[in-house]
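# A closer look at the structure
Chain residues, written in single-letter form:
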Amino acid sequence: MRLGELLSIPRLKLRFLSGADQAHRSIRWAYTTDLLRPARYLTGGELVLTGMMWRTGPEDSEVFVASAAQAGAAAVGAGTALGEVPHDLVEACVRHGMPLLEVPAETSFGAVTEEVLRLINRRRFTTIAENRDRHRRMMAEVAAGGDFPAVFATAAEQARLGAWVLSSTGREVASAGPDLGEGARAELAARALSWPSFPRSTALPGGRGAGRELTVMPVQTRDSHPLAGWLLVCEGRHEDWEEEVHEAVAELASIAVLARSREEERALNDARHAEALPRLVEEQRLEEVEALLRAAGAGAGPGRGHVVVSAALAPEPRLPDLARRVLGELLAERPGSVVTGEGDVLAVVPVPDAAEEGARAVEGLRAELERGARALEPGLVDYRLAVGIGSTPRELGDLRGAAAEARHARRLAGLRRGRAQVIAGAEIDSHELLLASVPEEVRASYRERLLGPLLAYDRDHRSELVETLERFLEHSGSWQRCASAMHVHVNTLRYRIGRVEELTGRDLSRLDHRVDLFLALRLRG
């Protein structure tokens, strides 16, 4: 409530003795005291009512007012039951910019306190009702497909709260506050992927505003998963928030949850509409492929080509469409992308078709996917993410070959070390492409038959036969260069290679036998 509202109540007969120009000041409570130094009992925003029993001389007025001002009191109300308000109290209030009210003898402090409480409660109930109405309108707007970033920004600004919604890769979904910076957003998202519980207070990472206190919490939907979810980030530490701030954050969270649920529903519907795409591509039913892509905004057109992306999580997640959600997030800033499938996820991404421009587009797409995949690594505790990209933009008639190439690249990405790997078709060596097309059980059997005896021998004898074989093949079978690189005598090298040949049944003087062992080593990773 405002100070002026209290003075406008006729029956109280209050009047300003100083500070009439501050009638707009807010009062959050009324406190009665006759202590000379009341600061220890004040928390700020109070109307301090006093009968001036503390005054033994003019100098006491300065002490009293200074103490009240230091504690953040909103105003002083001086009762005249024991006499007029002294000039020294008025002067002290003027010096400290403290509004001073005269409370006449016929008005009790209890009556003033009662009116303060009544006005505060009326304002509180009015504000609650207004906030509920506003929240309902905003929820209805988002539910009807309204502009979520605009609604979120409006809600946060009305609450006077800096807030942001980030994706699992650090992409800014909505904001009401200064740009956190790409690096800081990615760092916040990465931290959140490793946190076991929420809400979490943290400091903004390096960049603009570094060190600012923030609170991070997930936007929790029914089937949400951290690898493909949203985060709500708000200014301040949640431990320090007042009740009003908690309520405002809860409203922002509910708006974000509704928006995320709608986004997940839309993505699921799009994936269902496109679920026939891999089959249509395989069967070369080009008219149907074009119609499907055109409906998604990715159809053929002048100067337009398509890049195929394949993705998978291993082992297969319990949430069947998690890989699709992850790839959808990685391609979120690529309008017109069609993402479908579950375990083996396929996406068609429209890009420029001209040779030079198309090559740059593929390289840019690969860089985006790599950044996103790296951002997700802290959350890839139970899974490995493999992504394969076609080497060049293709026309509709070439999509079958592009899909095969992307899948081979993805299989190769699955063979390489690391929690997340992105491979472009153009990066694949011919033997790697061949290996990626072989079923895993066949690769494992081949690897075990050729390298199993060497690995067992090294384990039992603490020897280095596998490493020696790798170095020998790296030096194209040159005894002198390999021995020099390994810092061993050439006879030692000949002995070790002899043991390798004995254990594997291969003759390393023959090219085909060298190739066999080379491929087995590549399958070992």
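Criteria and cut-off values
Residues numbered from 1 in each chain as written. Predicted model: local features only at pLDDT ≥ 70, side-chain atom pairs only at ≥ 80, totals over all residues. Heavy atoms only, no water. Pairing = 2+ DSSP bridges. Helix = DSSP H or I, 4+ residues; strand = E, 2+ residues; numbered from the N terminus. Axes fitted to C-alpha atoms, helices over the stretch in contact; angles between N-to-C directions. Phe/Tyr/Trp six-rings, centres within 6.5 Å; stacked < 30°, edge-to-face > 60°. Buried < 20%, exposed > 50% of the residue type's maximum accessible area, 1.4 Å probe, protein only. Right-handed = clockwise from strand over helix to strand, strands pointing away. Contact = heavy atoms within 4.5 Å.

With mixed pairing, 5 strands are arranged side by side in an open sheet as 12-13-11-14-15. The open sheet terminates on both sides in strands that have one partner only, identified here as strand 12 (338–340) and strand 15 (420–424). Direction aside, neighbouring strands of the sheet carry axes that sit 15 degrees apart on average. Where strand 11 (residues 304–314) and strand 14 (residues 384–389) come together, 6 bridges link them in antiparallel fashion.

Here we come to the packing of aromatic side chains. Tallying each qualifying case throughout the model produces 5 aromatic pairs. With 4.4 Å between their ring centres and 10 degrees between their planes, W54 and F64 make a pair best called stacked. Placement of the pair is W54 in the loop between strand 3 (46–50) and helix 2 (59–70) and F64 in helix 2, with a sequence separation of 10 residues. Each of the two residues, W54 as well as F64, counts as buried.

Among the 6 residues of strand 14, 5 are classified as buried, and the element is accordingly described as predominantly covered. Relative to strand 15, strand 14 runs parallel, the two sharing 5 bridges. Bridge pairing in strand 15 links L385 to A420. Between the parallel pair strand 14 and strand 15, the chain is carried across by helix 12 (residues 399–415), and the sense of this crossover is left-handed.

Let's shift gears to the side chain of T33. With respect to the helices, strands and loops of the structure, T33 is situated in the loop between strand 2 (29–32) and strand 3. T33 gets classed as buried once you look at its relative accessible area, which sits at 5%. For T33, the contacting residues outside a window of four places in its chain are P38, V48, L49, T50, G51 and F64.

So, about the sheet that holds strand 3. Pairing within the open sheet is mixed, and its 5 strands lie in the order 1-5-4-3-2. Looking at which strands have only one partner, the edges of the open sheet turn out to be strand 1 (15–18) and strand 2. Strand-to-strand, the axes of this sheet are offset by a mean angle of 30 degrees, without reference to chain direction. Running over the sheet, helix 3 (residues 87–95) touches strand 1, strand 4 (75–79) and strand 5 (100–103) and is turned about 75 degrees from strand 1.

In this chain, F198 is followed by P199 through a cis amide linkage whose omega measures -5 degrees. Within the secondary structure, P199 is located in the loop between helix 6 (182–194) and strand 8 (200–203). Of note, the amide linkage connecting A314 to P315 takes the cis form, showing an omega dihedral of -5 degrees. Inspection of the secondary structure puts P315 in the loop between strand 11 and helix 10 (322–330). Of note in this structure, Q284 is not a glycine but carries a positive phi near 60 degrees. For Q284, the position within the fold is in the loop between helix 8 (277–282) and helix 9 (286–295). Among the residues examined, Q284 registers a relative accessible area of 29% and is labelled partly exposed.

Before going further, it helps to spend a moment on the pairing of strand 4. Among the 5 residues that make up strand 4, 5 are buried, leaving the element largely enclosed by the rest of the structure. By the alternation rule, side chains of strand 4 split into A75, G77 and G79 and V76 and A78, which are all buried. Two elements, strand 3 and strand 4, share 4 bridges in a ladder whose sense is parallel. By the bridge assignment for strand 4, V48 is matched with V76. In this fold, strand 3 hands off to helix 2, which returns the chain to strand 4; that crossover is right-handed. The pairing of strand 4 with strand 5 spans 4 bridges and is classified as parallel. Bridge pairing in strand 5 places G79 opposite V103. What joins strand 4 to strand 5 is helix 3, and the crossover it makes is right-handed.

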